[in-house]
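Fold and contact review
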Amino acid sequence: EAIIRAEKIEKYYSQPSENRIQVISATDLNIVPGEILALLGPSGSGKSTMLRMLTGLSRPSAGQVYWHEKPIAQTEINVSIVFQSFALFPWMTVLENVEAPLQARGVLPEERRQRSMRMLDTVGLDGFEAAYPKELSGGMRQRVGFARALVVEPEVLFMDEPFSALDVLTAENLRSELLELWSKKTMPTKAVFIVTHNIEEAVLLADRIIVLGRNPGHIRTDFRVQLQHP
Ligand code: ADP
Ligand code: ADP
């Protein structure tokens, strides 16, 4: 019943100078409904590479990614990605930014507007519809990022270091608000996949953590965790 299932995927990149380097070695991974899954690892361990393969943005060099058991390249998928750098359109207002993915999917103006306003309200941006991204703080911009990702009601929400560009306090607030939305089941998504290098963030948010080792390409199975019960 996995939504996304990766089977023995590998990724190589060709380097101009040397031979190709292996970034991911034969890896199995499932994303199942109801879970927040964290992919934890140091910089350069292949987290973004994994995210791109799991979302169909890039093809594995070997192995296969399935979306509801169909090869991901051959089927329509419903995911959104939140980026570390927000990636908002600077020439559009907050409302227009959130409406953009709905417009791209052919949703009519009236419904587009209603759904976007509702989502802005959900992420605490009521009253900021007409503002431009440059007028907002980092935390507010990432709220727009979340609203734009969630407005299409993705089955899986992917996040690539979504809090890394924010100051500690803002990141803390956004994390707990996200968790609250998730646990109240008010988030229009079945599963969340978060890429992070922050172990505390992974522990705080995730139901399950996958650890990529510092030698590129390896999911660590030698990782020992001691559970401390309250
Ligand atoms: P992380 O997200 O954990 O920082 P990445 O997936 O971005 O890791 O990168 C893993 C390794 O693969 C790094 O050594 C990076 O330089 C290399 N890499 C990533 N994307 C490419 C690419 N398109 N071409 C060549 N090398 C790449
Ligand atoms: P793929 O071959 O998997 O489709 P691309 O080569 O198109 O991937 O690159 C995917 C992403 O990785 C792009 O956003 C690109 O900017 C980034 N990228 C390219 N080279 C590197 C690198 N050496 N290290 C990290 N990221 C890279």
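About the thresholds
Residues numbered from 1 in each chain as written. Chains lettered and ligands numbered in written order. Predicted model: local features only at pLDDT ≥ 70, side-chain atom pairs only at ≥ 80, totals over all residues. Heavy atoms only, no water. Pairing = 2+ DSSP bridges. Helix = DSSP H or I, 4+ residues; strand = E, 2+ residues; numbered from the N terminus. Axes fitted to C-alpha atoms, helices over the stretch in contact; angles between N-to-C directions. Expected span 1.5 Å × (residues − 1). Buried < 20%, exposed > 50% of the residue type's maximum accessible area, 1.4 Å probe, protein only. Contact = heavy atoms within 4.5 Å. pLDDT = per-residue confidence, 0-100.

For the protein chain, the name recorded in an unreviewed UniProt entry is Nitrate/sulfonate/bicarbonate ABC transporter ATP-binding protein, with Occallatibacter riparius as its organism.

As a further point, take the sheet that holds strand E6 (residues 79–83). Strand order in the open sheet made by the five strands is E6-E7-E8-E3-E9, with parallel pairing throughout. In this open sheet, the two edge strands, each paired with only one partner strand, are E6 and strand E9 (208–211). For this sheet the average axis-to-axis angle between neighbouring strands, irrespective of direction, equals 15 degrees.

To continue, consider helix H4 (residues 138–150). The first and last C-alpha atoms of H4 sit 18 Å apart over 13 residues, in line with the 18 Å expected at 1.5 Å per residue. Burial of H4 is extensive: eleven of the 13 residues sit out of reach of the surface. Among the residues of H4, Gly139, Met140, Gln142, Arg143, Val144, Gly145, Phe146, Ala147, Arg148, Ala149 and Leu150 are the ones counted as buried. Contacts from the buried residues of H4 go to E6, helix H2 (94–104), helix H3 (109–122), strand E7 (156–160) and helix H5 (168–183).

Turning to the confidence of the model for the protein chain, a few remarks are in order. Confidence in the prediction for the protein chain averages 92 pLDDT; 95% of positions are at 70 or higher. Across the predicted assembly, pTM comes out at 0.89 and ipTM at 0.74.

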